[in-house]
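This is what each chain is made of:
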Amino acid sequence: MTSQCLFCGIAAGEIPSDSVYSDEHVYAFRDINPAAPTHILVIPRKHLSRVSEASSDDEALLGKILLAANNIARQEGLAEDGFRLVINTGDLGGQTVHHLHLHILGGRQMQWPPG
């Protein structure tokens with residue numbers, strides 16, 4: 001854990017969040033600035049700054065994040081109509097918090113290209 005990382009603090013329970021899922025490897029919570037009616041962030045408890053820093057040692061963790069996102073989308077009632085999963089990587093990729101996180105967006109028609 002990185003002491004100055006916002007998402008590490010959220011995952012550790014030091015910073016309040018609206019939790020929707022938690023296990024020993026993954027934590028998920030509602031985005032405080034939602035870009036869709038349903039906007040949930042899924043993060044690994046292990047600090048990784050971005051997906052491009054993941055290694056083969058993180059293979060199982062990356063799978064856990066995707067499976068958790070899928071289960072959360074189903075739990076939120078998004079699975080039948082559809083939803084979007086987004087991972088922004090680096091500044092040019094739109095990443096604003098430098099802790100790997102996956103966005104679950106749903107509840108409205110998504111546009112393409114995304115921007």
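You'll find the protein chain entered in an unreviewed UniProt entry as Zinc-binding protein, with Pseudohongiella spirulinae given as the organism.

**So, the overall build of the protein chain**
If you tally the helices and strands in the protein chain, you get two helices and five strands. Mapped from its N terminus to its C terminus, the protein chain presents α and β elements in the order α-β-β-β-α-β-β. For the protein chain, the C-alpha radius of gyration of 14 Å lies close to 13 Å, the compact-globule estimate for 115 residues. Its C-alpha atoms give the protein chain principal-axis dimensions of roughly 35 × 30 × 25 Å. Once local pairs closer than 6 in sequence are excluded, the contacts in the protein chain between residues at least 24 apart make up 53%. Entry remark: accessible area of the protein chain is about 6900 Å², with carbon and sulfur atoms responsible for 50%.

**Details of the pairing of strand 2 (residues 26-30)**
The element strand 2 is extensively covered by neighbouring structure, given that four of its five residues are classed as buried. Where strand 1 (residues 19-22) and strand 2 come together, three bridges link them in antiparallel fashion. By the bridge assignment for strand 2, S22 is matched with Y27. The pairing of strand 2 with strand 3 (residues 38-44) spans five bridges and is classified as antiparallel. Looking across to strand 3, one finds that V26 is bridged to P44.

**Regarding the nonpolar core**
Ranked by size, the top nonpolar core spans 16 residues in total, and within it A28, I40, V42, I65, I72, L102 and I104 carry the most contacts. Looking at this core, the elements that each hand over two or more residues are strand 2, strand 3, helix 2 (59-75) and strand 5 (102-106). By size, the runner-up hydrophobic cluster in this structure holds ten residues, among which are C5, Y27, F29 and L41.

Cut-off values and rules
- Residues numbered from 1 in each chain as written.
- Predicted model: local features only at pLDDT ≥ 70, side-chain atom pairs only at ≥ 80, totals over all residues.
- Heavy atoms only, no water.
- Helix = DSSP H or I, 4+ residues; strand = E, 2+ residues; numbered from the N terminus.
- Rg over C-alpha atoms; globule rule 2.2 N^0.38 Å.
- Contact = heavy atoms within 4.5 Å.
- Areas by Shrake-Rupley, 256 points an atom, 1.4 Å probe, with all protein chains shown as cover.
- Buried < 20%, exposed > 50% of the residue type's maximum accessible area, 1.4 Å probe, protein only.
- Pairing = 2+ DSSP bridges.
- Core = buried A, V, L, I, M, F, W, Y, C linked by side-chain atoms within 4.5 Å.

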